[in-house]
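Close look at the chain arrangement
Okay, here's what each chain looks like letter by letter:
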Amino acid sequence: MDELLEILSELHPEIDFSTHTALIDEAVLDSFDIVSTITEINERFDVAIPADKIVPENFNSAAALWALVEELEDE
Amino acid sequence: MRINVLEYLDRAARQWPDKAAFCDAEEQLSFAALDAYSRAIGTALAADGHAAEPVVVYLPKSPKTVAAFFGVLRAGCYYVPLDDEMPRLRVELIIQTLAPRAILCNSKTRAAVESLDYSGAILDVDALCATPVDNAALAAIRAEAIDTDPIYVVFTSGSTGKPKGVVACHRSVIDYVEQLSARLAFDGDTVFGNQAPLYVDACLKELYPTLKFGATTCFVPKGLFSFPVKLLEYLNDKGVNTICWVASALTLVAGFGTLESITPTHLRTIAFGSEVFPPKQLNAWRRACPNARFFNLYGPTEATGMSCAYEVTRDFAEGESVPIGRAFPNTQILLLDEHNARVTEAGVTGEICIRGTALTLGYYSDPERTDAAFVQNPLQSHYPEKLYRTGDLGQTNAAGELCFLSRKDYQIKHMGHRIELGEIEGAAHTLPGMRSVCCVFDDVRKKIVLFYAADVDKAALIAHLKTKLPRYMLPNAIHPRDELPLTPNGKLDRAALKASLA
């Protein structure tokens, strides 16, 4: 989780990603951010986030995104 | 002969009054409504004494914004599209350069306009739309118009930090729209899914052919470009059959395997450009849409839009680059070597130079940079004739097709946007305490990388850059260093920094 928070903080240092729960709904993350976050996650955690998991619900909070990473790591 | 783009709108409103012209999630405008709004806005501007001057259109992307563009043209003025997401500094520089007397806004952008150092008229576009139309006044304005009158000013990144305002005219836009439409075979059944912002020339591909053919443009909600499955569902749902997107938007879809879980059902024309399309993703798109035609487009803002096209008719191997093809009719592309001699041999590199009616008029209030880029054709000295030097290097292949190689300078293409790395460095330098800074583009990972030496932490630098630069120009990675390496003659060693990324 810390490594994920680090990836996100690089994009927006002023945001507290550990508590924010509306990253997409409030347009904190845009498509540039989503693409680079997915790429970073895929590289660092050795997973491949599939297209059908790239939906707003999985990106609204760091916690939701971390849950997705863990789910993919288990597969 | 067509001399004004308003002829497209006049005809569309007569022939297809009730057909949907432009739609987004909230609103749909028919050709008749678009025409009526443009006349109301044009009447109001003309009545206030605006003529032959830039009028800023500071509105979020919507069908009404298109009506505002045409309203400005009906008043005999030219439009300058600004975006509600542009950083404040950029907007201020643009307003300084233009010194406009009128800015159109709506309730969403009014506060931003009012906070500017600007003393001209601030006009609410929704209020202007209610103005009773004075067709006699509009006809009188039109009778005076000629086809070399300006139509818009769009701003591109400048290496010194000052954006350059490219001024296009009716004639250049008409030439471009006619040639592009013929090459890509647009027609009345075309349903465009627009991706490009309205403040760049890329949106011309949808706006004007929509009017020319009575076609329809759907403004794809921006948020969908983050979520590829939802994006394709949207295209299928709206019956979108034609997309002209930056390659990075198409790469996003193919890159995450989206095309294996959902198939685009209506797409028949897929055009891309502005940057390199990796063959792997292109091939995936071609397999997913076997009946669609694919076009690689190339052209600078200074030649209005796109200048040439290549139709993809075969698979490309990894590492192979897709040609940019052949110039549109009525445009000539020349390759010139360092002695300004024409390169005609295949496989020999030259600078891509463009001549033709599609050339724009130059940069707004900037004769120096205009003269540096729009030069006398060096192949003849007998009469004045302009040629635009793109700064791009290219060569022709054995089949006679033009191929893009690289830039002569530090300009890059990132997510479809043209960016001067110098502008990013300039913005970083405005932070107090900055000793040295160097921006490079990581060609492999497609990232803008900034190196800097200063007693400033990374978070403060990012926060600072966000106030100075558009979102798409923000570095994707930032590396603090104690000192930046220098070459033996004391210049920043870009090559060494770039090599450190490998």
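Everything that follows concerns the structure shown earlier in this document.
Residues numbered from 1 in each chain as written. Chains lettered and ligands numbered in written order. Predicted model: local features only at pLDDT ≥ 70, side-chain atom pairs only at ≥ 80, totals over all residues. Heavy atoms only, no water.

Buried residues of helix α1 (residues 6–15) of chain B: B:L6, B:Y8, B:L9, B:D10, B:A12 and B:A13, and no others. Looking at the packing, one finds that the buried side of α1(B) touches α2 (31–47), α3 (63–74), α7 (135–144), α8 (170–184) and α9 (204–213) of chain B. (Buried < 20%, exposed > 50% of the residue type's maximum accessible area, 1.4 Å probe, protein only. Helix = DSSP H or I, 4+ residues; strand = E, 2+ residues; numbered from the N terminus. Contact = heavy atoms within 4.5 Å.)

On to the nonpolar core. Among the nonpolar cores identified, the biggest contains 76 residues, and B:V5, B:F70, B:Y79, B:L104, B:I151 and B:Y208 are the most heavily contacted of them. With residues up to four places along the chain from it excluded, the contact list for B:Y208 reads B:V5, B:Y8, B:F70, B:L73, B:Y79, B:I151, B:V173 and B:V177. (Core = buried A, V, L, I, M, F, W, Y, C linked by side-chain atoms within 4.5 Å.)

Moving on to the pattern of salt bridges. The full count for this structure, using the stated rule, is 37 salt bridges over all chains. Note that A:D33 and B:R471 form a salt bridge whose closest N and O atoms lie 2.4 Å from each other. Here the residue A:D33 occupies a position in helix α2 (residues 31–44), and B:R471 occupies one in the loop between α16 (458–468) and β26 (477–480), the pair thus bridging two chains. Its relative accessible area of 6% is what places A:D33 among the buried residues. (Salt bridge = Lys/Arg side-chain N within 4 Å of Asp/Glu carboxyl O.)

Attention shifts here to the sheet that holds strand β24 (residues 434–442) of chain B. Residue and element names in this part refer to chain B. The strand order β24-β25-β26 describes an open sheet built from 3 strands, whose pairing is mixed. With partners counted over all chains shown, the strands left at the sheet margins are β24 and β26, one partner each. Strand-to-strand twist of the sheet, defined as the mean angle between neighbouring strand axes without regard to direction, takes the value 20°. By the bridge criterion, 8 bridges tie β24 to strand β25 (residues 447–454) in an arrangement that is antiparallel. By the bridge assignment for β25, V440 is matched with V449. (Pairing = 2+ DSSP bridges. Axes fitted to C-alpha atoms, helices over the stretch in contact; angles between N-to-C directions.)

Here we take up the pairing of strand β8 (residues 164–169) of chain B. Residues and elements named next belong to chain B. Judged by how many residues are buried, β8 sits mostly within the fold: 6 of 6 residues are covered. Burial along β8 is two-sided: the face carrying K164, V166 and A168 and the face carrying G165, V167 and C169 are both buried. By the bridge criterion, 6 bridges tie strand β7 (residues 150–156) to β8 in an arrangement that is antiparallel. Within β8, the position partnered with T156 by the bridge is K164. Pairing geometry for β8 and strand β18 (residues 362–363), over 2 bridges, is antiparallel. Each bridged residue has a counterpart across the sheet, and for V167 the counterpart in β18 is G362.

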